[in-house]
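# A look at the structure
Below, each chain spelled out in residue letters.
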Amino acid sequence: MKVALVIGASSESLYAIDLAQESGLKVAAFDGDENAAGLKRADFSFVCDIRDPQNIVNLITEQGFKPVCVLPVPVGRCLRVAGAINDFYGLKGPNEKTCDVCTDKLAFHSALNPENKRERERETKEPMRTNLRDAECYPMSKASDSPSDADFPLVIKPRYGSGSKNVTVVLNASEYEKYAARLNLKSGEFLRESFVEGKEYGINAAVIEGEYIHVLARKKLLTPPPYRQSVGYVATPEIAAISEHLKEVVKKLELKNCLMHADVILRKNGEPFVIELAPRPSGHYLTSDFVEIATGVNLTREWLNFVLNKPFSFEPKFLKSAMIKYFDFDYGVVPPNFSEIKDECGIVKFKCGDLKNLGEVKDGASLISRGYAIIIAESEEECLEKASALMSKFTRIKE
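Here is a short report on the structure shown in this document. (Residues numbered from 1 in each chain as written. Predicted model: local features only at pLDDT ≥ 70, side-chain atom pairs only at ≥ 80, totals over all residues. Heavy atoms only, no water.)

### Describing the side chain of Arg228
Defined as follows: Only DSSP runs of H or I covering at least 4 residues are called helices, and only runs of E covering at least 2 are called strands; the numbering of each starts at the N terminus. In this scheme, a residue with accessible area under 20% of its type's maximum is buried, one over 50% is exposed, and one in between is partly exposed, where area comes from a 1.4 Å probe on protein chains only. N or O atoms closer than or at 3.5 Å make up a polar contact, with two conditions inside protein: a donor-capable atom paired with an acceptor-capable one, and, for residues adjacent in sequence, both atoms drawn from side chains.
In this structure, Arg228 sits in the loop between β10 (211-222) and β11 (230-236). On the accessibility criterion, Arg228 (19% relative accessible area) is buried. Of note is the side chain of Arg228, whose polar atom sits 2.8 Å from the side chain of Glu200.

Right under this line is the structure:
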């Protein structure tokens, strides 16, 4: 039986599962958590240790499945396993080597900047010739392994993982020692990296037969330091410098066929800095909702068309002035009646979770369940105004 595979069946896999089933495919989902939402939605469900691809291969063989593809879903380190399955069955999609590099922040940095050099003062707008990631990045082997004063500010982040978890901007040596002690560092578990200033963007794209195809650039609205979590995105026109740089990165990493997302800083001199890149779609309702509303491109559907040898296109049909705003309150609130305010605030889609007991937004995990609103307006400025008006309509719960 021909099946599409899901490796890592969290709630963020539901969208891809639904589209695969709409395409006529049966879906087999694998996860280590028996309560994973995707296991309930899939046609066939298996609870197993998905860190070892052989476990999945054994189950596929026992069931007599013939894999068609590994569905592109937002996952972390187990993306490496998806790559191994692609390699084993000869499926279209990223390979294990690339997935391994892109989910290991130190390996990713080393692949793009093998000599680990940074040009601190860079006035020219000429592209980098010696490396594709102009920063320094080191493992924090122990708390006493402190950087020099000249290295601040810097960023502490985990070597593995996604969603901005435990990513912290550190301003001085005192703060560094505090965070190092709190993290209870193990050898190689956390990294310290140069802090790069500039405007931060999220990029949605596809790579088909090695060709980079831009779909959407999203300007980020970030939490104040010390954290770096995005609490909103505004659709923005393609930035040529970023696209050209990502083409070089795609070539360097030898990406061939995948959906991809990247986080990029555009420095004041116009030079891009790639924070990270992964051969998978974005989560947080970006791939499932925002990208299609802003561009007319359904990334997952077009990917399925590609792997099923049907006509496909990732070229944007349009670019709307659109924004997705997450509900980033750090206190409990009562939401407004969205049906009454949607026209006033330009809301075209929303989802609202339980907002009664909220804390500080530090990472994606602390934000994803709260909900969001997608806003359409005439300009970026109007999007921001409407988002501000929307947020003012929530009522704070008195403690």
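Let us keep going from here.
### Quick look at the pairing of strand β1 (residues 2-7)
Keep this limit in mind: For two strands to count as paired, DSSP must find a minimum of two bridges between them.
Burial analysis of β1 places 5 of its 6 residues in the buried class, the great majority of the element. Of the strand pairs in this sheet, β1 and strand β4 (residues 66-70) are connected by 4 bridges, and their pairing is parallel. Its bridge partner lying in β4, Ala4 is registered against Cys69. Relative to strand β2 (residues 26-31), β1 runs parallel, the two being bridged by 5 bridges.

### Comments concerning the packing of aromatic side chains
To keep things clear, this is the line we draw: Stacked, tilted and edge-to-face pairs are distinguished by plane angle, under 30 degrees for stacked and over 60 for edge-to-face with tilted covering the rest, among Phe, Tyr and Trp rings (Trp via its six-membered ring) whose centres lie within 6.5 Å. Put simply, a charge is over a ring when the Lys NZ or the Arg CZ is close to the ring centre, within 6 Å, and near the line of the ring normal, within 35 degrees.
If you walk through the whole model with that rule in mind, you get 16 aromatic pairs. Pairing Phe327 with Phe394 gives two aromatic rings, centres 5.0 Å apart and planes at 55°, and the pair type is tilted. Of the two residues, Phe327 sits in the loop between β14 (322-326) and β15 (333-334) while Phe394 sits in the loop between α12 (380-391) and β18 (395-396), which places them 67 residues apart along the sequence. Here Phe327 and Phe394 have matching classes, each one buried. Grouped by ring-pair contacts, the aromatic residues Phe327, Phe329, Tyr331, Phe338, Phe350 and Phe394 constitute a single cluster. Sitting over the face of the ring of Tyr179, Lys178 holds its NZ or CZ atom 5.1 Å from the ring centroid.

### Focus: empty space enclosed by the protein
Rules: Detection works on a 1 Å grid of protein atoms alone, calling trapped sets that fit a 1.4 Å probe cavities and calling open sets with protein on both sides within 12 Å along at least five of seven lines pockets, with lining residues defined by an atom within 4 Å of a point. Grid points are joined across faces, edges and corners, and a volume is the space filled by probe spheres set on the points. Lys, Arg, Asp and Glu make up the charged group, whereas Ala, Val, Leu, Ile, Met, Phe, Trp, Tyr, Cys and Pro make up the nonpolar group; the residues left over, Gly among them, are polar.
Under the criterion given, the structure shown has 3 cavities of 30 Å³ or more. Here the largest cavity defines a volume of roughly 150 Å³. Lining the largest cavity are 18 residues; nearest its centre among them are Val70, Leu71, Pro72, Leu79 and Ala82. No other element matches the 3 residues that helix α4 (residues 79-89) contributes to the lining of the largest cavity. Considered class by class, the residues forming the lining of the largest cavity number 14 nonpolar, 2 polar and 2 charged.

### With respect to the sheet that holds β1
Formally: Each axis is a line fitted through C-alpha atoms, taken for helices only over the stretch in contact, and angles between the N-to-C directions span 0 to 180 degrees.
As summarised here, the arrangement of the 4 strands in space is β3-β2-β1-β4, forming an open sheet in which the pairing is parallel. At either margin of the open sheet sits one strand with a lone partner, and together these are β3 (44-47) and β4. Pairs of neighbouring strands in the sheet enclose a mean axial angle of 30°, with direction left out of account.

So yeah, pure geometry; function would need other evidence.
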